[in-house]
Amino acid sequence: MMNETGSGVRIFVSQDSSALSVGADEVADAIHRQAQQRQINITLIRNGSRGLFWLEPLIEIETQKGRIAYGPVSVKDVASLFDAGFLQGGAHPLHLGVTEEIPWLKRQQRLTFARTGVIDPLSLEDYCAHQGLKGLERAYQLGPKAIVDSILDSGLRGRGGAGFPAGLKWRTVQEAQADHKYIVCNADEGDSGTFADRLLMEGDPFVLIEGMIIAAYAVGASRGFIYIRSEYPQAIEVMRKAIEIARANNLLGSGNRHFDFDLEIRVGAGAYICGEETALLESLEGRRGQVRAKPPLPALKGLFGQPTLVNNVLTFAAVPWILAHGGKAYADYGMGKSRGTMPFQLAGNLRCTGLFETAFGMSLREIVIDVGGGTASGRAVRAVQVGGPLGAYLPETMLDVPLDYEAMLAIKAMLGHGGIVVFDDTVDLAQQARFAFEFCTLESCGKCTPCRIGSRRGVETIDKIVKDIDRVANIELITDLCTTMTDGSLCALGGLTHLPVMSALTHFPQDFGIANPSHSRDQEH
C-alpha cells in the first residue's frame with residue numbers, strides 16, 4: 001500500500017515483511033476505511049519496523065507529546081481505536097505510550113538503526129531531515145585517504161560474520177592499482193534467526209546507499225552491486241526504488257559532481273553458500289555459486305578479476321554515522337577489539353523477539369532474559385545458539401559471556417551476524433547436531449570433498465549414535481570427522497560445522513546417551 005499524502009494526523013503503519021506477515025496491510029486498509037467513514041483527514045505513512053516483532057502490527061500516531069504507539073493491532077481493533085480517540089493518543093487496551101519510552105527501545109543504543117521505523121523509507125527529504133547524507137558530505141570534505149583513516153579509527157569490523165577489520169580491507173582496495181574497481185554489498189542474509197539486513201533495507205534504504213557511495217569514493221570504485229536473496233521481495237522492491245530516487249537526485253550516476261558511481265540490484269536464488277564472498281562473486285558473474293580458492297583475495301582480484309570491496313549490509317550502513325561523528329566517537333562504544341554497536345536479532349523461543357542494537361559487551365544472559373523476557377513457553381532456557389546455523393549451542397551456565405568477538409571465541413563460539421536463537425528444556429541437542437550436518441549437506445556447493453561428503457557421513461553417524469550403534473566409537477568418529485571438515489574445507493560452511501556439532505556433544509552429552517563422552521580432541525577446535 002502506497003503512502004497517502006495530505007492533511008490530518010500522521011499515522012504510521014509498518015510495511016516491513018514481519019509486519020506484513022501478521023496483517024499490517026489489512027490494518028492499514030481498515031484505518032483508511034474508518035477515517036473515510038468518519039470523515040476524518042489522516043496522512044497514512046508506511047514506515048519500516050521498529051524491530052519489536054511481538055507487537056506487530058505496531059501503529060504510531062504523531063501527537064504533540066511525540067509518537068504514541070499501539071500494538072499489536074488487528075483489523076477488529078481499528079474501530080475501537082477510533083472510538084477511544086487514538087488519533088489524540090487516547091487510552092485503549094493496546095496503548096503502549098510514547099514509542100521512544102518503550103523499555104525495549106529506550107535501553108538500546110541505536111546508531112545504525114536510528115531512523116529505521118521512524119522515517120518514510122522512500123522519502124529522501126525525510127532521510128535528510130533525520131541527519132541523512134551528513135556522513136557523505138563529510139566524506140567529500142575529507143577525501144579518500146582520510147575516509148579510510150576514519151574507518152580504521154572507528155574499529156569497525158565486518159558485521160557479516162567474519163569480523164575482519166573493515167578499514168584494512170578498504171585500504172587494500174584503495175591502494176590496489178587497476179583500471180576498474182567494484183563495490184559489492186552482500187545482502188544474502190541466509191542465517192536462521194537473522195533479519196537485520198532485511199529490516200534495514202526495508203526501513204532505511206538510503207543509509208545503505210550512502211554508505212556504499214562513501215566506500216566507492218574512498219577506494220576509487222565506479223560501480224556497485226547489492227546482492228539480495230530472492231526470498232526478500234519487499235527489500236528488493238524498496239532498494240530498487242531508493243536507487244532510482246538517489247539517481248534522480250544526482251547522488252548516483254554521472255549527475256554526481258564529485259565522481260561517477262552507480263549501483264544496481266542483483267537477485268540471488270537463495271543459495272546459502274552465496275553468503276560466502278567468493279561464491280557470491282561467482283554468482284554475480286553469471287556462474288554457479290561455488291567457492292573460489294584464496295588467495296588471490298577479492299580485495300585484489302575479485303569481481304571480473306578486478307579489485308573488489310565486499311562488505312555486508314550492516315558494515316556499509318554503519319559508515320555514514322562514523323563519517324558524520326568521527327571514527328573515535330564510534331570507537332567509544334563497545335569493548336576490547338569489538339567497537340561500536342551490534343544489531344542483535346532475537347529469535348526462537350522468546351517472549352520478546354526482534355532487533356536490539358547495543359554496544360558490544362552486554363552479556364548473553366541479559367539480552368536473553370532481561371531484554372528477550374525469557375522463553376515464550378515459560379519453561380527453562382536450556383540452550384542458546386549464537387551466530388546462525390553454524391554457531392555453537394551454549395548451555396544456560398554459559399550465558400554470562402559478554403557479547404563480543406574475542407569473548408565468544410574464547411569459549412569456542414562465534415558472534416557471527418548477531419543472530420540469537422533460544423531453546424527451552426524440551427530441545428534435543430543430538431537432533432540439533434544432526435541438523436547442522438544435514439544443513440551443510442543441503443547447502444554445500446559441492447566443490448570440496450570434506451564438506452560435500454563429510455556432512456553426509458555426519459548425518460549417518462549421528463543417527464547411529466542415537467540408535468546406540470557402537471556409540472563410543474561413533475562419537476570418536478564424529479570428532480575425527482569435524483577435524484577433517486575444519487582443516488580441509490575451502491570455506492566456512494564446512495569449516496564451521498564443527499561448532500554446533502561439538503558444542504552440542506560437549507555441553508549436552510546426555511542427549512547423545514552418554515555421561516562422559518570421549519572426545520578430548522574437540523577442545524582443539
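Counting restarts for each chain, with residues numbered from 1 along the sequence as it is written. Under the rules for a predicted model, residues below a pLDDT of 70 receive no local features and side-chain atom pairs below 80 are neither given nor counted, while totals for whole chains, interfaces and linings still include all residues. Side-chain numbers here rest on the full set of heavy atoms in the structure, without hydrogens or water.

Where nonpolar side chains cluster on the molecular surface, the patch consists of Leu 152, Phe 164 and Leu 168 and spans about 250 Å² of accessible area. Relative to the elements of secondary structure, Leu 168 occurs in helix H8 (residues 166-175). Patch definition: residues above 30% relative accessible area lacking any salt bridge, with like charges linked at up to 9 Å and the nonpolar side chains Val, Leu, Ile, Met, Phe, Trp and Tyr linked at up to 5 Å. Here the accessible surface of atoms and residues is derived via Shrake-Rupley with a 1.4 Å probe, and residues count as covered only by protein chains that are part of the display. By convention in these notes, a salt bridge is any Lys or Arg side-chain nitrogen within 4 Å of a carboxyl oxygen on Asp or Glu. Note on conventions: DSSP H or I runs of at least 4 residues are helices, E runs of at least 2 residues are strands, and numbering of each starts at the N terminus.

To continue, consider the pattern of salt bridges. One pass over the structure, following the stated rule, counts 37 salt bridges. Two residues, Asp 400 and Arg 365, come together in a salt bridge whose shortest N-O distance is 2.8 Å. Of this pair, Asp 400 sits in the loop between strand S15 (393-395) and helix H16 (405-410) while Arg 365 sits in helix H15 (residues 364-371), and the two are 35 residues apart along the sequence. Classification of Arg 365 by relative accessible area gives partly exposed; the value is 24%. Look at the salt bridges and you will find they share partners, linking Arg 50, Glu 60, Arg 67 and Glu 100 into a network. Any residue under 20% of the maximum accessible area for its type is buried, any over 50% is exposed, and the rest in between are partly exposed; the area is computed with a 1.4 Å probe on protein chains only.

Turning to empty space enclosed by the protein, a few remarks are in order. Within this scheme a cavity is a closed region of a 1 Å grid, computed over the protein atoms alone, that accommodates a 1.4 Å probe without allowing it to escape, whereas a pocket is open but has protein on both sides within 12 Å along at least five of seven lines; lining residues each have an atom within 4 Å of a point. Grid points are joined across faces, edges and corners, and a volume is the space filled by probe spheres set on the points. Across all of its chains, the model carries 3 cavities of 30 Å³ or more by this definition. Considering only enclosed or pocket space, the largest cavity measures out at about 70 Å³ in volume. Under the grouping applied here, Gly and all other residues not named as nonpolar or charged are polar, the nonpolar ones being Ala, Val, Leu, Ile, Met, Phe, Trp, Tyr, Cys and Pro and the charged ones Asp, Glu, Lys and Arg. Class assignment for the residues of the lining of the largest cavity results in 8 nonpolar, 3 polar and 1 charged.

With that settled, the discussion passes to the packing of aromatic side chains. What counts as a ring pair is set by centres within 6.5 Å for rings of Phe, Tyr and Trp (its six-membered ring), and what kind of pair is set by the plane angle: stacked under 30 degrees, edge-to-face over 60, tilted for all other angles. In total, this model carries 17 aromatic pairs according to the counting rule given. Centre to centre, the rings of Trp 104 and Phe 356 are 5.6 Å apart; their planes meet at 80°, and the pair counts as edge-to-face. Placement of Trp 104 in helix H4 (residues 103-106) and of Phe 356 in strand S13 (residues 354-359) is noted, with a sequence separation of 252 residues between them. The residues Trp 104 and Phe 356 share a single accessibility class, namely buried. Considering the side-chain rings of Trp 321 and Tyr 330, the 6.0 Å spacing of their centres and the 55° angle between planes classify their relative orientation as tilted. For the pair Trp 321 and Tyr 330, one class covers both residues: buried. Among the aromatic residues, those joined into a ring-pair cluster are Tyr 140, Tyr 217, Phe 259 and Phe 261.

Attention now goes to the domain arrangement of the chain. Boundaries of every domain are those given by an automatic assignment or by a domain database. Segmenting the chain into domains produces domain 1 (2-106), domain 2 (124-331), domain 3 (334-424) and domain 4 (429-524). With centres defined by C-alpha atoms, the gap from domain 1 to domain 3 works out at 30 Å. Two residues qualify as a contact provided that any one of their heavy atoms is within 4.5 Å of a heavy atom in the partner residue. Domain 1 puts 5 residues into the contact, and the matching count from domain 3 is 8 residues. When domain 1 packs against domain 3, the two sides together hide about 530 Å² of surface, and 66% of this comes from carbon and sulfur. By buried area we mean how much accessible surface two parts lose on assembly, using a 1.4 Å probe and totalling the loss over both. When the area that domain 1 buries against domain 3 is broken down by residue, the three leading residues are Phe 53, Trp 54 and Trp 104, summing to 88%.

With that out of the way, let us pick up helix H18 (residues 449-466). An ideal rise of 1.5 Å per residue puts 26 Å on 18 residues; H18 measures up with 25 Å between its terminal C-alpha atoms. Looking at H18, one finds that the buried residues are Pro 450, Cys 451, Gly 454, Ser 455, Gly 458, Val 459, Thr 461, Ile 462 and Ile 465. Note on H18: the residue one or two positions beyond its end, Asp 468, has a positive phi of about 60°. Helix span, as expected, comes to 1.5 Å for every residue beyond the first.

Here we take up the side chain of Glu 60. Here Glu 60 lies in strand S3 (residues 59-63). A relative accessible area of 1% places Glu 60 in the buried class. For this analysis, a polar contact is any N or O atom pair within 3.5 Å, provided that within protein one partner can donate a hydrogen and the other can accept it, and provided that sequence-adjacent residues contribute only side-chain to side-chain pairs. A distance of 3.3 Å separates a polar atom in the side chain of Glu 60 from a polar atom in the side chain of Arg 67. Here Glu 60 is in contact with Arg 10, Ile 11, Phe 12, Asn 47, Arg 50, Arg 67, Ile 68, Ala 69, Thr 99 and Gly 117, once residues within four sequence places are set aside.

Now for the nonpolar core. One finds Trp 170, Ile 183, Leu 208, Ile 209 and Ile 226 to be the most contacted residues of the largest nonpolar core, which totals 67 residues. The dominant element in this core, judged by the number of residues it contributes, is helix H10 (residues 205-219), at 12 residues. In plain words, nonpolar cores are sets of buried Ala, Val, Leu, Ile, Met, Phe, Trp, Tyr and Cys residues tied together by side-chain atoms within 4.5 Å. Counting 50 residues, the second largest nonpolar core, distinct from the first, contains Phe 225, Ala 433, Cys 451 and Ile 462.

A packed helix pair is summarised by two numbers, namely the angle formed by the two axes and the spacing between the axes. Contact geometry of H10 with helix H13 (residues 313-325) gives a least axis separation of 7 Å together with a crossing angle of 80°. What the angle tells us is that H10 and H13 run roughly perpendicular. From H10, Val 207, Leu 208, Glu 210, Gly 211, Met 212, Ile 214 and Ala 215 reach across to H13, where they touch Val 313, Phe 316, Ala 317, Val 319, Pro 320 and Leu 323. Classifying every residue of the contact of H10 with H13 by side-chain character gives 11 nonpolar, 1 polar and 1 charged. Axis definition: a line fitted to C-alpha atoms, over the contacting stretch in the case of helices. Angles run 0 to 180 degrees between N-to-C directions. Roughly parallel means an angle under 35 degrees; roughly antiparallel means over 145; roughly perpendicular covers 65 to 115; every other angle is labelled oblique.

Residue alternation in strand S2 (residues 42-45) divides its side chains into two sets, Ile 42 and Leu 44 and Thr 43 and Ile 45, and both sets are buried. Note that strand S1 (residues 9-13) and S2 share 4 bridges and pair parallel. Considered in S2, the bridge of Val 9 is made with Ile 42. Strands are treated as partners if at least two bridges between them are detected by DSSP.

Another aspect to go through is the side chain of Glu 276. Inspection of the secondary structure puts Glu 276 in the loop between strand S8 (262-268) and helix H12 (277-284). According to the relative accessible area criterion, Glu 276 is buried, its value standing at 15%. Residues in contact with Glu 276, not counting those within four places in the same chain, are Val 291, Lys 294 and Cys 491.

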